[in-house]
Amino acid sequence: MAAAAPRPLRLLRAAVRSPWCGFALRRTWRLVVSLAALVTAAFAMIHLIPGDPVRAALGTTADPALVAARRHALGLDQPLLHQYGDFVGHLLQGRLGDSIGAQMPVSQIIATRLPATLEIAVPAFWLILLLAIPVGMTAAVLTKDGRRRRGELAFTTVTGVLGAVPEFLLAVGLVAAFAVALPVFPVASQSGPASYVLPVLALTVVPAATLSRIVRVETLRVLGEDYMRTARAKRLPARLRYLRHALPNLLTSSLTLGGLLFSSLLAGTVLVEHVFAWPGLGTTIVQAITEKDYPLVQGVVLVYGTAALLITFAVDVAVAVADPQSTVRGS
């Protein structure tokens, strides 16, 4: 009779065979492949631009010796595979290259500008959740089973119109209304607590309207479940029914949508920051594109893309923890 395997080995085999291990491996592999695709796309970006990117950045009248020196400093005179290997190696060392225009490390520029972007993106994210979830749940409760048709029509109309407005157009409208016609807030720039109001609102209104519509639909679905009918049959107070039974069951969809919203917020800051002259990454990438500073564009694209991928990965893990039965085993 064969001897039993040592206990640590048995535990390792059990862990490898568990659904959680397979889930973690699949999600991690997906993240690694996505990051590799992002890095390759960022590297290819500077090579797919027609013409010489250094000549385009320095101008057509730049000294050829200066252009050649800058190309050599950027490694653009090396074979393509050699350039790609250097690019990946520098990334692993935390080096994003040097800006052509500013002539300083791209990582230093990003480290300086990123906090300003987060200062409006993070408050906007929490404000979206604090507005959309209560409003969507309240609208579902009030319009359940076809009640209050006019209220339902008003809710869907208002949220539909607000959800269709581009964020940059909303930002321009807020500036015209509350900074020019009624000079309540500063027009632009980072100049005290009041200057945060309009950029945060510009990032909040459209996603909050969209998310509140989705939360209403999800709440109506939850209210029709058997456990909600049981809770009503037990004559539980409305506060307990909605907060203890309905809200937790909205957690999975709310986490997923919340992660997607935060990823879209990072991208939405590009135009909003440009409207308000906000000194963040959004303004930085617009200026870099205008000045044809391609190493800086590469660095900002990598930061935005990596942030979106990491947020998606974190949301997948959070959803799996909140609902392991359907997420882990289903995947």
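Looking at an unreviewed UniProt entry, one finds the chain named ABC transporter permease and attributed to Streptomyces celluloflavus. According to the UniProt record, the Subcellular location (unreviewed entry) comment for the chain reads "Cell membrane". Under Sequence similarities (unreviewed entry), UniProt gives the following word-for-word description of the chain: "Belongs to the binding-protein-dependent transport system permease family."

J.: Outline a nonpolar patch on the surface, supporting the account with residue identities and numerical values.
T.: Taken together, the side chains of L118, V122, W126 and L130 make up a nonpolar region of the molecular surface, amounting to roughly 390 Å² of accessible area. Along the chain, the position of V122 falls in helix α6 (residues 106–143).

J.: Can you explain the pattern of salt bridges? Please cite residues and give values.
T.: Per the stated rule, a full pass over the model turns up 3 salt bridges. For R149, the salt bridge identified is with E152, shortest N-O distance 3.9 Å. In this pair, R149 and E152 are both assigned in helix α7 (residues 149–164), 3 residues apart and thus about one turn of the helix distant. For R221, the salt bridge identified is with E218, shortest N-O distance 3.0 Å. Here E218 and R221 lie together in helix α9 (residues 197–223), a separation of 3 residues that amounts to about one turn. By relative accessible area, which is 40% here, R221 ends up partly exposed. A single salt-bridge network, built from bridges that share partners, covers R149, E152 and R216.

J.: Describe in detail the packing of α6 against α9, supporting the description with residues and values.
T.: Two quantities define a packed helix pair, namely the angle between the helix axes and the distance between the axes. Relative to each other, α6 and α9 sit at 35°, their axes nearing to 6 Å. The handedness of the crossing between α6 and α9 comes out as right-handed. Looking at the contact of α6 with α9, its residues break down into 24 nonpolar, 5 polar and 1 charged.

Each value, and the rule that gives it
Residues numbered from 1 in each chain as written. Predicted model: local features only at pLDDT ≥ 70, side-chain atom pairs only at ≥ 80, totals over all residues. Heavy atoms only, no water. UniProt positions renumbered as here; feature names shortened; annotations may be inferred. Patch = residues over 30% accessible without salt bridge, like charges linked within 9 Å, V, L, I, M, F, W, Y side chains within 5 Å. Areas by Shrake-Rupley, 256 points an atom, 1.4 Å probe, with all protein chains shown as cover. Salt bridge = Lys/Arg side-chain N within 4 Å of Asp/Glu carboxyl O. Helix = DSSP H or I, 4+ residues; strand = E, 2+ residues; numbered from the N terminus. Buried < 20%, exposed > 50% of the residue type's maximum accessible area, 1.4 Å probe, protein only. Axes fitted to C-alpha atoms, helices over the stretch in contact; angles between N-to-C directions. Left-handed = near helix turned anticlockwise from the far one by under 90°. Nonpolar A, V, L, I, M, F, W, Y, C, P; charged D, E, K, R; others polar.

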